[in-house]
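# Working through the structure, step by step
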Amino acid sequence: MLDVLIGLIVLVASTLMFRYAAGTLSWTAPNLVSIVYYYSFLLSSFIGALLIALGMDDYYMIRKLFRPEEYRQIGFFVVSFVMIVFPLSMVVVSRLCGFEARQEFRAYLQKPLSPLAGATGSQVFYAFLALSLLSFAAIAYMIWKTPTIPVFALLTGTDESLAALRIEASRHFAGNVLVRNIFAITLTPLLSFIAYLFAELTHEWRWKLLFICLFVGAVFVNVYDLAKSPIFFYVMMFFLIRIYIGKTRLSAVKLALYGGVGAAVLVGMYIVIQGVQDATTFLSYNKGPIGRMILAQIAPTFLHLNLFGEALPFLYGKSLPSILTGLFDVENVRSARLVMAHVFPERIEDGTGGVLNTLFVAEAYANFGYVGIVIGTLYVGVVTQLLYIGFLRLPKNPLFLSLFVYFSINIPRTLVGGFTDFLFNPTWVLIVALFGGMALWLRVQGDLRAWFAAKRRITDEG
């Protein structure tokens with residue numbers, strides 16, 4: 001009963017602070033902060049943590065805990081701490097920046113889509129055409145260097161385990177991982193959004209044709225390894241883009257319809273890929289897609305708290321980005337991989353186990369103990385709110401809007417993936433540098449063109 005009371009207090013306080021930081025938690029007007037609240041915290045973390053604390057989970061991962069009653073409570077209080085301190089840090093940042101979330105988000109929704117400042121239509125098109133060709137080359141490289149493409153194996157028929165093929169495609173990729181992850185998997189969907197927005201802005205056939213090509217490539221990179229979530233997140237990004245430019249208006253009926261279709265497709269993918277036989281077990285709250293959402297994401301947090309400092313030594317920075325550990329000649333180790341190897345060694349041996357990703361504070365704890373949880377929660381909360389404020393105050397052009405939508409989906413995903421990506425994420429750094437540099441270059445080109453035109457006009461008049 002005490003856990004339920006604490007849970008209700010935490011839920012109410014957290015919801016009020018998230019609503020202040022986001023401006024709105026309305027399902028019909030989703031934004032970066034509201035998606036963090038609903039997906040990363042409420043659905044993927046808090047509900048499952050409360051069930052675990054109450055002993056109502058009956059979940060296979062939690063059965064691996066030693067001293068389970070103690071760590072059920074510890075895990076729940078850690079999640080409750082994050083539910084309070086994370087939005088509190090966002091509220092403080094908003095106050096310091098003079099950010100009025102409700103007004104500024106509403107103004108952003110009403111603001112029209114604008115072209116890139118200082119650039120001609122042809123300059124912009126050929127610049128993004130060059131990037132598109134680069135992404136297509138990266139897709140071809142990814143296909144070449146991947147031992148077996150799982151989606152091709154599914155379509156042509158195979159006797160091998162699809163789960164094993166997924167792990168093989170991810171962990172046994174024979175090429176440069178950054179080329180695959182950045183230029184194929186990340187750049188192609190982003191470029192498809194940009195091409196779509198320019199097609200909406202200009203109504204030119206060349207942008208429409210480029211969008212179609214990029215859309216096909218984006219769908220492929222999101223389904224090639226048979227992962228179930230990437231294609232759903234890609235579709236969600238499209239919905240966000242259309243909402244932000246006023247092309248789609250959500251209602252309760254539409255949400256129910258889209259949710260029903262999405263759930264049906266998800267169930268179908270689970271049945272095909274996982275080979276589900278028992279529908280009753282599949283649809284129970286601690287199995288199948290429901291268990292995957294409310295328990296599978298948070299249970300590894302309890303395992304991290306249980307193992308590190310007890311069965312496993314603290315990492316003290318070993319899971320920090322490899323670009324940092326490499327400076328000190330330290331081998332990079334992800335805590336989620338260590339937990340998988342310790343708890344489910346048989347999965348590592350048979351090739352069906354990858355990592356046990358979970359709420360970001362678990363990796364912070366694995367490195368620095370409870371101090372890591374406190375500092376990590378404050379740091380990530382501040383970074384998230386600064387991103388939200390920054391994008392709402394940037395020009396609403398196809399480039400910045402696409403990046404805004406990309407981070408609105410990928411920040412929530414990363415919050416239940418790990419902590420070190422918030423310290424240094426090469427994919428995020430490169431795409432921001434790439435698109436920021438392109439916007440700056442096009443702006444400078446436009447300013448120089450205007451300066452030379454003005455100079456010629458002055459000369460002619462003189």
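Above this text sits the structure in question.
Values in this document were obtained by computation on a predicted structure and should not be read as measured data. (Residues numbered from 1 in each chain as written. Predicted model: local features only at pLDDT ≥ 70, side-chain atom pairs only at ≥ 80, totals over all residues. Heavy atoms only, no water.)

## A word on the overall build of the protein chain
The condition that has to hold: A helix here means a DSSP run of H or I that spans at least four residues, while a strand means a run of E at least two residues long, and both kinds are numbered starting from the N terminus. Burial here depends on accessible area, computed with a 1.4 Å probe over protein chains only, as a share of the maximum for the residue type. Under 20% is buried, over 50% is exposed, and the range in between is partly exposed. Every residue pair with non-hydrogen atoms within 4.5 Å of one another is taken to be in contact. For the accessible areas, the method is Shrake-Rupley and the probe is 1.4 Å, while residue cover comes only from the protein chains on display.
Scanning the protein chain from N- to C-terminus turns up 20 helices and zero strands. The proportion of buried residues among the 462 residues of the protein chain is 48%. The contacts of the protein chain with a sequence gap of at least 6 include a subset with a gap of at least 24, amounting to 77%. Looking at the protein chain as shown, the accessible area adds up to about 21,300 Å², and 67% of this sits on carbon and sulfur atoms.

## So, the packing of aromatic side chains
Each aromatic ring pair is summarised here by two numbers: the centre-to-centre distance and the angle between the ring planes. In plain terms, the rule: Each pair of aromatic rings taken from Phe, Tyr and Trp, with Trp reduced to its six-membered ring, is defined by centres within 6.5 Å and is described as stacked if the planes are under 30 degrees apart, edge-to-face if over 60, and tilted in the remaining cases. In this scheme, Lys NZ or Arg CZ marks a charge over a ring once it lies within 6 Å of the ring centre and within 35 degrees of the ring normal.
All told, the structure shown has 46 aromatic pairs when counted by the stated rule. Aromatic pair Phe422 and Trp428: ring centres 5.8 Å apart, planes at 75°, arrangement edge-to-face. On the basis of relative accessible area, Phe422 is assigned to the buried category, the value being 5%. According to the relative accessible area criterion, Trp428 is buried, its value standing at 12%. Geometry around Tyr108 places Lys396 over its ring, the cationic atom sitting 5.1 Å from the centre.

## Brief notes about empty space enclosed by the protein
Let me state the cut-off plainly: Only protein atoms enter the 1 Å grid used here, on which a cavity is any set of points holding a 1.4 Å probe that cannot leave and a pocket is any open set flanked by protein within 12 Å on both sides along at least five of seven lines; residues with an atom within 4 Å of a point are listed as lining. Grid points are joined across faces, edges and corners, and a volume is the space filled by probe spheres set on the points.
Applying the stated criterion across every chain, the model contains one cavity of 30 Å³ or more. Here the largest cavity defines a volume of roughly 40 Å³. In terms of lining, the largest cavity is formed by His304, Ser335, Ala336, Leu356, Asn357, Thr358, Leu359, Ala362, Glu363, Gly417 and Gly418.

## Some words on the pattern of salt bridges
Note the threshold: By salt bridge we mean one thing: a side-chain nitrogen of Lys or Arg within 4 Å of a carboxyl oxygen of Asp or Glu.
Applying the stated rule across the entire model yields nine salt bridges. Arg63 is paired through a salt bridge with Asp58; the nearest N and O atoms lie 3.0 Å apart. Owing to a relative accessible area of 53%, Arg63 belongs among the exposed residues under this scheme. Looking at Asp58, the relative accessible area reads 46%, which means it is partly exposed. The partner of Glu200 in a salt bridge is Lys247, and the shortest N-O contact between them spans 3.5 Å. Taken together, the positions of Glu200 in helix α8 (residues 177–202) and Lys247 in the loop between α10 (229–244) and α11 (252–274) put the pair 47 residues apart, joining distant regions of the chain.

## What about the layout of surface pockets?
Sizing a probe to match a water molecule and rolling it over the atoms shows the empty space that remains. Under the convention used in this document: Each residue gets one label: Ala, Val, Leu, Ile, Met, Phe, Trp, Tyr, Cys and Pro are nonpolar, Asp, Glu, Lys and Arg are charged, and the others, such as Gly, are polar.
In this model, the second largest pocket occupies a volume close to 310 Å³. Along the wall of the second largest pocket there are 17 residues; nearest its centre are Leu109, Ile243, Ile245, Gly246 and Arg249. Sorting the residues of the lining of the second largest pocket by element identifies α4 (101–110) and α10 as the ones contributing at least two each. Its residues placed into classes, the lining of the second largest pocket shows eight nonpolar, four polar and five charged.

## Side note on the nonpolar core
Just so we agree on the cut-off: Think of a nonpolar core as a cluster: buried Ala, Val, Leu, Ile, Met, Phe, Trp, Tyr and Cys residues, connected wherever their side-chain atoms sit within 4.5 Å.
Ranked by internal contacts, the top residues of the largest apolar core, which has 118 residues, are Phe41, Phe86, Phe128, Phe360 and Phe435. With 13 residues, the single largest contributor to this core is helix α2 (residues 32–53). Here Phe128 is in contact with Leu116, Leu191, Ile194, Phe198, Trp207, Leu399, Phe435 and Met438, once residues within four sequence places are set aside. Within the second largest apolar cluster, eleven residues are counted, among which are Val151, Phe173, Phe220 and Val221.

## Describing the side chain of Ser319
Threshold: For the purposes of these results, a polar contact is taken to be a pair of N or O atoms within 3.5 Å, where, inside protein, one atom must be able to donate a hydrogen and its partner to accept one; residues adjacent in sequence count only when each atom of the pair is a side-chain atom.
When you line up the elements, Ser319 lands in the loop between α14 (299–307) and α15 (322–325). Among the polar contacts listed, one links the side chain of Ser319 to the side chain of Asn367, at a separation of 2.5 Å. Apart from residues no more than four positions distant in its own chain, Ser319 is found in contact with Asn332, Val333, Arg334, Ser335, Glu363, Asn367 and Thr420.

## Considering the packing of α14 against helix α16 (residues 335–343)
For the record, the criterion: The angle between two axes is taken between their N-to-C directions and runs from 0 to 180 degrees, where each axis is a line fitted to C-alpha atoms and a helix contributes only its stretch in contact. Under this scheme an angle from 65 to 115 degrees is roughly perpendicular, one under 35 degrees roughly parallel, and one over 145 degrees roughly antiparallel; angles in between are oblique.
α16 packs onto α14 with a crossing angle of 80° between their chain directions and a minimal axis gap of 10 Å. What the angle tells us is that α14 and α16 run roughly perpendicular. Counting all contacts with α14, which are made through Leu303, His304 and Leu307, the residues of α16 involved are Ser335, Ala336, Val339, His342 and Val343. Across the contact of α14 with α16, the residue classes break down as five nonpolar, three polar and no charged.

## Details of the environment of Ser192
Relative to the elements of secondary structure, Ser192 occurs in helix α8. Taking the C-alpha atoms as reference points, Ser192 and Val216, separated by 24 residues in sequence, lie 9.0 Å from one another. Excluding anything up to four places from it in sequence, Ser192 contacts Phe211, Leu214, Phe215, Ala218 and Tyr234. Within the structure, Ser192 has its side chain in polar contact with the side chain of Tyr234 (distance 2.9 Å).

## Brief notes about a nonpolar patch on the surface
Where we set the bar: What goes into a patch is any residue over 30% in relative accessible area without a salt bridge, connected to like charges within 9 Å or, for nonpolar side chains (Val, Leu, Ile, Met, Phe, Trp, Tyr), within 5 Å.
Taken together, Met1, Val4, Leu8, Leu54 and Met56 make up a surface patch of nonpolar side chains, about 500 Å² in accessible area. Examined against the element boundaries, Leu54 turns out to sit in the loop between α2 and α3 (68–96). Residue classification places Leu54 among the partly exposed residues on the basis of a relative accessible area of 32%.

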